[in-house]
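Summary of the model geometry
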Amino acid sequence: MSTSALLAQLDDVGRDPRRGGYSRHVFDPAERDLRDWFGEQARARGLDVHADRNANLWAWWGGPGPDAVVTGSHLDSVPGGGAFDGPLGVAAALGAVDELRATGFQPGRPLAIVVFAEEEGGRFGVPCLGSRLLSGSIDRDTACALRDQGGTTFAEALRAAGGDPARAGADPELLGGIGKFVELHVEQGRGLVDLGRPVAVATSILGHGRWRFRFRGQGNHAGATPLEDRSDPMLPAARTVLAAREAAARHEARATVGRLVPNPGGTNVIASSTDLWLDARAPLDTTTRAVVAELTARAEEHARAEGCRVDVTEESYSPTAHFDQGLRAELTALLDDAPALATGAGHDAGVLSTRVPTSMLFVRNPTGISHAPDEHAEPADCEAGTAALARVLRRWAA
Ligand code: HGY
Ligand code: MN
Ligand code: MN
């Protein structure tokens, strides 16, 4: 079955009529349907499917065992996300297994497809939660205490999904068994469009982090409260959103506030507190830190001016990741001198790259847009990506 046909099976899973695009968050009904779909597709290919202690799904062709060749990505999305970010890598992995099986290939070492849990952090706020738990870069207690917007903890959600929070956490045996990892992903930019090529090999991932700014003021009546009597946390929050763009431009970094939540959020209510989340990224970790430090100082200044207070909490940080040079050179040669591209988007491959020889393949996205419904990959490019992935798996797992 072609990769596009596999993806088409997911067309109606987790559509978000209010936001547009897809909202598929870990363990919610849509994501559970996607997990079921993956299990069925993998078992139909003779793969042995099981969930690890951190709710990542693994489909094995021989194994688990030492020096495994592993490929995969994620199935969860951002709120209102596109159809390809994550699912393309999973569908292409299934398509690559089809290609290998069709030619009678038998792997000489364990080969697996992995679906990592909560890559976007769309429910519990920490991106790549499944791969961070697997690799130990977040500990069990911290992860299990994470809460979604409804107040449910990751531990409760994991238990409700059939997992055991007491077992969550680093899995050195599973991680140690991975010899090489490759993730195929839709490109989140226009590099391949400008180069006129369907597939690229990744070089690096921009360091990135998330910080919550909580502004506290005095809730009050929108009509009965004179301006001079207000401590309105929306004002310093709004000024901080503007300051984020200014600081990013000054430091040649990227800073985004995509989420700003007043509490209680009534139209005729002066908020008592307002949360905003900063996503900041830069090639140098020191630059990202400088942007956050400057923004923290500006936020404190704006808060004081309105009789408010602000607390800043770092929720996650991923240093800039550089993919294995040897693998990069090997894949570039193997894939007809495929171009090399850096990315500003985070991936589970970035988390694994500090522990396992890791690489990524990108597939052309004609719109260059991601994390939005306009994200796209043409069927021919999806198949070109799948063929490239099959070639890599054949070489590595021979
Ligand atoms: O946020 C990111 O860059 C990734 O899509 N999780
Ligand atoms: Mn994403
Ligand atoms: Mn992704």
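No experiment lies behind these values; they were computed from the predicted model shown.

Let's shift gears to helix 10 (residues 285-305). In this model, helix 10 (21 residues) spans 30 Å end to end at C-alpha, consistent with the 30 Å of a helix rising 1.5 Å per residue. Listing the buried residues of helix 10 in full gives Thr 287, Thr 288, Val 291, Val 292, Leu 295, Thr 296, Ala 299, His 302 and Ala 303. Packing partners of the buried residues in helix 10 comprise strand 7 (207-216), helix 9 (234-251), strand 11 (273-282) and strand 12 (309-318). Following helix 10 by one or two positions, Gly 307 adopts a phi angle in the positive range, close to 65°.

Attention shifts here to the coordination of the manganese ion (ligand 3). In the first shell of the manganese ion (ligand 3), the protein supplies His 74 (NE2), Asp 85 (OD) and His 185 (NE2), at 2.1 to 2.2 Å from the metal. On the primary sequence, the residues serving as donors to the manganese ion (ligand 3) are separated as H-x10-D-x99-H. Here the manganese ion (ligand 3) and the manganese ion (ligand 2) are spaced 3.5 Å apart, linked through Asp 85, which binds each one. Taken together, the residues His 74 in strand 3 (residues 68-74) and His 185 in strand 5 (residues 178-186) connect sequence positions 111 residues apart. The same class applies to His 74 as to His 185, namely buried.

As a further point, take the site of ligand 1. What surrounds ligand 1 is the set Glu 119, Glu 120, Arg 281, Ala 345, Gly 346 and His 371. With respect to ligand 1, the side chain of Glu 119 contributes an N or O atom lying 3.1 Å from a nitrogen atom. Alone, ligand 1 offers 210 Å² of accessible surface; in the complex the protein occludes 95% of this. Its residues placed into classes, the shell around ligand 1 shows 1 nonpolar, 2 polar and 3 charged.

Moving on, we come to the coordination of the manganese ion (ligand 2). Asp 85 (OD), Glu 120 (OE) and His 371 (NE2) make up the full set of protein donors to the manganese ion (ligand 2), lying at 2.0 to 2.1 Å. Look at where the donors of the manganese ion (ligand 2) fall in the sequence and you get D-x34-E-x250-H. His 371 gets classed as partly exposed once you look at its relative accessible area, which sits at 39%.

Moving on: unusual backbone geometry. Residue Gly 63 is joined to Pro 64 through a cis peptide bond whose omega torsion reads 5°. Looking at the secondary structure, you find Pro 64 in the loop between strand 2 (57-61) and strand 3. The amide bond that connects Asn 263 to the next residue, Pro 264, takes the cis arrangement and shows omega of 10°. Take Pro 264: it is sitting in the loop between strand 9 (254-263) and strand 10 (269-270). The phi dihedral of Ala 55 falls on the positive side, at around 70°, and the residue is not glycine. Residue position: Ala 55 is located in the loop between strand 1 (48-51) and strand 2. Of note in this structure, Glu 118 is not a glycine but carries a positive phi near 55°. Positionally, Glu 118 belongs in the loop between strand 4 (111-116) and helix 4 (129-135).

Time to look at the pattern of salt bridges. Applying the stated criterion across every chain, the model contains 18 salt bridges. With a closest N to O distance of 2.3 Å, Arg 109 and Asp 67 form a salt bridge. Separated by 42 residues along the polypeptide, Arg 109 in the loop between helix 3 (87-102) and strand 4 and Asp 67 in the loop between strand 2 and strand 3 bring together distant segments of the chain. One salt bridge in this structure joins Glu 294 and Arg 250, with 2.2 Å as the shortest N-O distance. In this pair, Glu 294 is assigned in helix 10 and Arg 250 in helix 9, connecting sequence segments 44 residues apart.

On to a nonpolar patch on the surface, then. A contiguous nonpolar patch, built from Met 234, Leu 235 and Leu 260 and spanning about 200 Å² of accessible area, is present on the exposed surface. Position of Leu 235 relative to the elements: it lies in helix 9. For Leu 235, a relative accessible area of 30% translates into the label partly exposed.

Our next topic: the sheet that holds strand 11. The strand order across the open sheet formed by 4 strands is 9-11-7-12, and the pairing between neighbours is antiparallel. With partners counted over all chains shown, the strands left at the sheet margins are strand 9 and strand 12, one partner each. Each strand of the sheet is rotated relative to its neighbour by a mean of 15°, with strand direction disregarded. Sheet topology note: the strand 7/strand 11 ladder contains 10 bridges and is antiparallel.

For the structure shown, the criterion picks out 7 aromatic pairs. Ring geometry for Trp 58 and Phe 116: centres 6.4 Å apart, planes at 80°, overall edge-to-face. You can see Trp 58 sitting in strand 2 and its partner Phe 116 sitting in strand 4, a full 58 residues away along the chain. Given a relative accessible area of 0%, Trp 58 falls into the buried group. Joined through ring pairs, the aromatic side chains of Trp 58, Trp 60, Phe 116 and Phe 181 make up one cluster. It is Arg 24 that lies over the ring of Tyr 22; its NZ or CZ is 4.0 Å from the centre.

Partitioning the protein into domains gives domain 1 (3-206 + 320-397) and domain 2 (213-318). Each of domain 1 and domain 2 was reduced to a C-alpha centroid, and the two centroids are 33 Å apart. Buried area between domain 1 and domain 2, summed over both chains or domains, comes out near 780 Å², and the portion from carbon and sulfur atoms is 39%. A per-residue breakdown of the area domain 1 buries against domain 2 is headed by Arg 132, Leu 206 and Thr 320, which together make up 61% of the total. Between domain 1 and domain 2 we count 0 salt bridges in total. Here the residues of the side of domain 1 that touches domain 2 are counted per class, giving 4 nonpolar, 5 polar and 1 charged.

Cut-offs used in this document
- The numbering scheme is per chain: residues are counted from 1 as the chain's sequence reads.
- Working convention: letters from A go to chains and numbers from 1 go to ligands, in the order in which they are written.
- Confidence filtering applies because this is a predicted model: local features only for residues at pLDDT of at least 70, side-chain atom pairs given and counted only at 80 or more, and all residues used for totals across whole chains, interfaces and linings.
- Water and hydrogen atoms were dropped before computing side-chain values, which therefore reflect all heavy atoms in the structure.
- Under the scheme used here, helices are H or I runs from DSSP no shorter than 4 residues and strands are E runs no shorter than 2 residues, and both carry numbers assigned from the N terminus.
- Each helix should span, by expectation, one fewer than its residue count multiplied by 1.5 Å.
- Classification of residues uses two cut-offs on accessible area relative to the type maximum, computed with a 1.4 Å probe and protein chains only: under 20% is buried, over 50% is exposed, and between them is partly exposed.
- By definition in these notes, contact holds between two residues if any of their heavy atoms fall within 4.5 Å.
- Listed donor atoms are N, O and S within 2.8 Å of the metal (Na, K and Ca: 3.2 Å). As water is not included, a site may look incomplete.
- If even one non-hydrogen atom of a residue comes within 4 Å of a molecule or strand, that residue is called near it.
- Think of a polar contact as two N or O atoms within 3.5 Å of one another; within protein, one of them needs to be a possible hydrogen donor and the other a possible acceptor, and neighboring residues in sequence only count if both atoms come from side chains.
- Here the Shrake-Rupley method, with its probe set to 1.4 Å, supplies the accessible areas, and only the displayed protein chains count as covering residues.
- Side-chain classes follow a simple rule in which Ala, Val, Leu, Ile, Met, Phe, Trp, Tyr, Cys and Pro form the nonpolar group, Asp, Glu, Lys and Arg form the charged group, and the remainder, Gly included, forms the polar group.
- When a carboxyl oxygen of Asp or Glu is within 4 Å of a side-chain nitrogen of Lys or Arg, the pair counts as a salt bridge.
- Candidate patch residues must exceed 30% relative accessible area and have no salt bridge, after which like charges are joined if within 9 Å and Val, Leu, Ile, Met, Phe, Trp or Tyr side chains if within 5 Å.
- For two strands to be treated as a pair, DSSP must find at least two bridges joining them.
- Here an angle of 0 to 180 degrees is reported between the N-to-C directions of two axes, which are lines fitted to C-alpha atoms, with helices fitted over the stretch in contact.
- Pairs were defined over the aromatic rings of Phe, Tyr and Trp, the Trp ring being its six-membered one, requiring ring centres within 6.5 Å. Orientation was assigned from the angle between planes: stacked under 30 degrees, edge-to-face over 60, tilted for the rest.
- Only Lys NZ and Arg CZ are tested; either one counts as a charge over a ring when it is within 6 Å of the ring centre and within 35 degrees of the ring normal.
- Where each domain begins and ends is defined by an automated method or by a domain database.
- The term buried area denotes the loss of accessible surface (1.4 Å probe radius) that occurs when two parts are joined, taken as the sum for both partners.

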